[in-house]
Amino acid sequence: SGVGAAVDEGFADFRTALLSTFTMGLFGDFEMETFDNSYNPVTAKLLFVSFMVIVGVVALNALIALLSDSYAQVQEQKAEQTLRLYASCIVGQKRARAEGA
């Protein structure tokens, strides 16, 4: 009934602990034993981790593209608003001069 007896199978050695922590932290907890029942468990785990990393990268890339597009639209509107403000100031000054003359 020592501490070592209470160690979960997912943390028996460093490699298994690293994979278990990776799956729990990034993707949520699920049964890793599903891969152990496959034809080639090492390849199945490698493909799964590769797929999940690629999905994460693609999702982040999509988010960056969306934010970049929104930023470009805001910058375009900013330039238009700045020119509109300058034009308004010039028209206001000309009107003030015309009324004062």
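Residues numbered from 1 in each chain as written. Predicted model: local features only at pLDDT ≥ 70, side-chain atom pairs only at ≥ 80, totals over all residues. Heavy atoms only, no water.

### Let's talk about the overall build of the protein
So, step 1. In terms of helices and strands, the protein carries three helices and zero strands.
So, step 2. Each helix and strand of the protein, ordered N terminal to C terminal, gives the series α-α-α.
So, step 3. The burial tally for the protein puts 10% of its 101 residues in the buried class. (Helix = DSSP H or I, 4+ residues; strand = E, 2+ residues; numbered from the N terminus. Buried < 20%, exposed > 50% of the residue type's maximum accessible area, 1.4 Å probe, protein only.)

### Some words on a nonpolar patch on the surface
So, step 1. A cluster of nonpolar side chains, namely Leu60, Leu63, Leu66 and Leu67, defines an oily patch on the protein surface of about 410 Å² accessible area.
So, step 2. Judged by its relative accessible area of 54%, Leu60 falls in the exposed class. (Patch = residues over 30% accessible without salt bridge, like charges linked within 9 Å, V, L, I, M, F, W, Y side chains within 5 Å. Areas by Shrake-Rupley, 256 points an atom, 1.4 Å probe, with all protein chains shown as cover. Salt bridge = Lys/Arg side-chain N within 4 Å of Asp/Glu carboxyl O.)

### Quick word on helix H3 (residues 41-100)
So, step 1. For H3, which comprises 60 residues, the first-to-last C-alpha distance of 88 Å matches the rise-based estimate of 88 Å (1.5 Å per residue) to within 8%.
So, step 2. Within the sequence span of H3, burial applies to Ala44, Lys45 and Phe48. (Expected span 1.5 Å × (residues − 1).)

### Some thoughts on the confidence of the model for the protein
So, step 1. Per-residue confidence for the protein averages 79 on the pLDDT scale, and 83% of its residues sit at or above 70.
So, step 2. Per-residue pLDDT, averaged within each element of the protein, yields its smallest value for helix H2 (residues 33-36) (74) and its largest for H3 (88).
So, step 3. Segment residues 1-7 is flagged for pLDDT under 50; beyond a separation of four residues in sequence, or across chains, it makes one contact in the model. (pLDDT = per-residue confidence, 0-100. Contact = heavy atoms within 4.5 Å.)

### With respect to the environment of Leu26
So, step 1. With respect to the element layout, Leu26 can be found in helix H1 (residues 14-27).
So, step 2. Its relative accessible area of 52% is what places Leu26 among the exposed residues.
So, step 3. Spatially, the C-alpha atom of Leu26 lies 9.5 Å from that of Val53, the residues being 27 residues apart in sequence.

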